[in-house]
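# Survey of secondary and tertiary structure
The primary structure of each chain is shown beneath.
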Amino acid sequence: MAFRSRREKLRFILSGANCVHPGSVYDAISVRIAEDLGFPLGMFGGSVASLAVLGDPDITLITLTELAEQMRRMSRASSLPVLVDADHGYGNALNVRRTVQELETAGAAGLTIEDTLLPAAFGEAKPQLISLEEGVGKMKAALDGRGDPSLVIMGRTGAASITSLEDAISRARAYEATGVDALFFTGIKSRAELEAIVSATHLPIVLGGAPEDLSALDYLASQRVRIALQGHAPIAAATQAVYDVQKALREGTPPKALKGLPSAELTNRVMREAETKARSADFLGLKK
């Protein structure tokens, strides 16, 4: 099926009857690879954004400007729809509104706004939540900041693992009432918890960090789960690969003896070399 935009495709996924896995993306190369492999969408997580841009842990050190610029780079490189983890919206409800505007302009297909208290409070090692009232205000602000009505906005809560399942349901119902397009849950531990959420809500569901008991796509689809994250293994694998190659070079391995390098065909495909050569011929008069 042909889609007029990235956002239209993401909305189609949410409105369908299936559950899909997104590709974990974080830069121009990873998003192109995910697109070439046939992933229906990409997930740009906050933790991988922090690692890719700053090399720092996921403790909300990255700024909105840095996040949006990385999203902009991916939008230029690929037509794959990307769902962005926009964390807490980088401040209060007014900051959330600005966050939506920036990510929409950067080409995101959708974004999540969560109710975790970020950055972490002084003296508090465990995650905390903002109040339900503040969470509702953030969802309303996110919707108000949307200029393109096709941009997908998801209300996200980790209450199931921070406070209680009952609190997660109360928050989900309140966020649903604001008009968000989907609900994103983390910390769901069992089928019973998921089914309780499904019984109490109506919107499409996105799951992050679910246990093995919640891995069967057919079951998830039957429970209105439309997107199920699989973690962020690609950037972890890339980190290991870079380390291994750098270590081998440092220890004296000749470049031609290195293992695990991509083929020229893969590298050229990721760089879209054929398209570049065609443009060079058309616009610069170079021979194909």
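Preceding this section is the structure that the text describes.
Read on for an overview of the structure. Just so we're clear, the structure is a prediction, and the values are computed from it rather than from any experiment.

Time to look at the pairing of strand S8 (residues 225-228). As judged from the three bridges shared by strand S7 (residues 205-208) and S8, these two strands associate in the parallel manner. By the bridge assignment, Ile205 is partnered in S8 with Val225. For the segment spanning S7, helix H10 (residues 217-222) and S8, crossover handedness is right-handed.

Bringing the layout of surface pockets into the picture now. By volume, the largest pocket is sized at about 770 Å³. Those elements that place two or more of their residues in the lining of the largest pocket are strand S1 (23-24), helix H2 (28-36), helix H11 (233-250) and helix H12 (264-270). A per-element tally of the lining of the largest pocket places H11 first, with seven residues. Class assignment for the residues of the lining of the largest pocket results in 19 nonpolar, eight polar and two charged. Computed from the structure, the second largest pocket encloses a volume of approximately 560 Å³.

So, on to the sheet that holds strand S3 (residues 82-85). Strand order in the open sheet formed by eight strands is S1-S2-S3-S4-S5-S6-S7-S8, with parallel pairing between adjacent strands. Edge positions in the sheet fall to S1 and S8, since each of these pairs with one other strand and no more. In this structure, S1 lies alongside strand S2 (residues 42-44), joined through two bridges in parallel fashion. If you follow Ser24 over to S2, its bridge partner there is Met43.

Let's shift gears to the environment of Ser78. Locating Ser78 in the fold gives a position in the loop between helix H4 (64-77) and S3. For the pair Ser78 and Leu286, spaced 208 residues apart in the sequence, the C-alpha separation amounts to 25 Å. The residues contacting Ser78, other than those within four sequence positions of it, are Arg6, Val31, Arg32 and Glu35. Looking at Ser78, its side chain comes within polar contact range of the main-chain nitrogen of Leu80, at 3.0 Å.

It is worth spelling out the packing of helix H8 (residues 165-178) against helix H9 (residues 191-200) at this point. Close contact between H8 and H9 brings their axes to 10 Å; oriented N to C, the two are set at 30°. One way to sum up the angle between H8 and H9 is to call them roughly parallel. The two elements H8 and H9 cross, and the hand of that crossing is right-handed. For the pair H8 and H9, the contacting residues are Leu165, Ile169 and Arg173 in the first and Glu193, Ala196, Ile197 and Ala200 in the second. Partitioning the contact of H8 with H9 into residue classes produces five nonpolar, no polar and two charged.

Here we come to the pattern of salt bridges. Enumeration according to the criterion identifies 17 salt bridges in this entry. Of the charged contacts, one joins Glu35 and Arg272 as a salt bridge, the two residues approaching to 3.5 Å between their closest N and O atoms. Of this pair, Glu35 sits in helix H2 while Arg272 is found in the loop between H12 and helix H13 (273-284), placing the two residues 237 residues apart along the sequence. Here Asp213 ties to Arg191 by a salt bridge, and the two come within 3.6 Å at their closest N and O atoms. Of the two residues, Asp213 sits in the loop between S7 and H10 while Arg191 sits in helix H9, which places them 22 residues apart along the sequence. Among the ionic contacts, a cluster of salt bridges with common partners joins Glu35, Asp36, Glu265, Arg269 and Arg272.

This part takes up the nonpolar core. Counting residues in each nonpolar core, the largest one holds 59 residues, and the members touching the most others are Phe44, Val84, Leu103, Leu194, Leu207 and Leu220. Among the elements that take part in this core, H4 stands out by supplying six residues, more than any other. When near neighbours in sequence (up to four residues on either side) are disregarded, Leu194 contacts Ile188, Leu207, Leu214, Tyr219, Leu220, Gln223 and Val225. Within the second largest apolar cluster, 15 residues are counted, among which are Val20, Leu83, Met154 and Leu229.

End to end, helix H5 (residues 93-105) covers 19 Å across 13 residues, agreeing with the expected 18 Å (1.5 Å per residue, within 8%). When H5 is considered as a whole, its buried residues turn out to be Val96, Thr99, Val100, Leu103 and Glu104. Looking straight down H5, one finds its buried side chains confined to an arc of 125°; they lie on one side. Counted as exposed and oriented over 90 degrees from the buried face of H5: Leu94 and Thr105. At its buried positions, H5 is contacted by helix H1 (6-15), H4, S3, strand S4 (110-114), helix H6 (132-145) and strand S5 (152-157). Measuring from the backbone nitrogen of Leu94 back to the side-chain oxygen at the start of H5 gives 2.9 Å, which picks out Asn92 as the cap. Where H5 terminates, the next one or two residues include Gly107, which has phi positive at roughly 100°.

Take a nonpolar patch on the surface next. A contiguous nonpolar patch, built from Ile29, Ile33 and Leu37 and spanning about 290 Å² of accessible area, is present on the exposed surface. By the element assignment, Ile29 lies in helix H2.

Procedures and definitions
Residues numbered from 1 in each chain as written. Predicted model: local features only at pLDDT ≥ 70, side-chain atom pairs only at ≥ 80, totals over all residues. Heavy atoms only, no water. Pairing = 2+ DSSP bridges. Helix = DSSP H or I, 4+ residues; strand = E, 2+ residues; numbered from the N terminus. Right-handed = clockwise from strand over helix to strand, strands pointing away. 1 Å grid on protein atoms, 1.4 Å probe; cavity = no way out; pocket = protein on both sides within 12 Å on 5 of 7 lines; lining within 4 Å. Points joined across faces, edges and corners; volume = space filled by probe spheres on them. Nonpolar A, V, L, I, M, F, W, Y, C, P; charged D, E, K, R; others polar. Contact = heavy atoms within 4.5 Å. Polar contact = N/O pair within 3.5 Å; in protein donor to acceptor, adjacent residues only side chain to side chain. Axes fitted to C-alpha atoms, helices over the stretch in contact; angles between N-to-C directions. Parallel < 35°, antiparallel > 145°, perpendicular 65-115°, else oblique. Left-handed = near helix turned anticlockwise from the far one by under 90°. Salt bridge = Lys/Arg side-chain N within 4 Å of Asp/Glu carboxyl O. Core = buried A, V, L, I, M, F, W, Y, C linked by side-chain atoms within 4.5 Å. Buried < 20%, exposed > 50% of the residue type's maximum accessible area, 1.4 Å probe, protein only. Expected span 1.5 Å × (residues − 1). Arc of directions from axis to C-beta. Patch = residues over 30% accessible without salt bridge, like charges linked within 9 Å, V, L, I, M, F, W, Y side chains within 5 Å. Areas by Shrake-Rupley, 256 points an atom, 1.4 Å probe, with all protein chains shown as cover.

Geometric descriptors of this kind do not, in isolation, establish any biological role.
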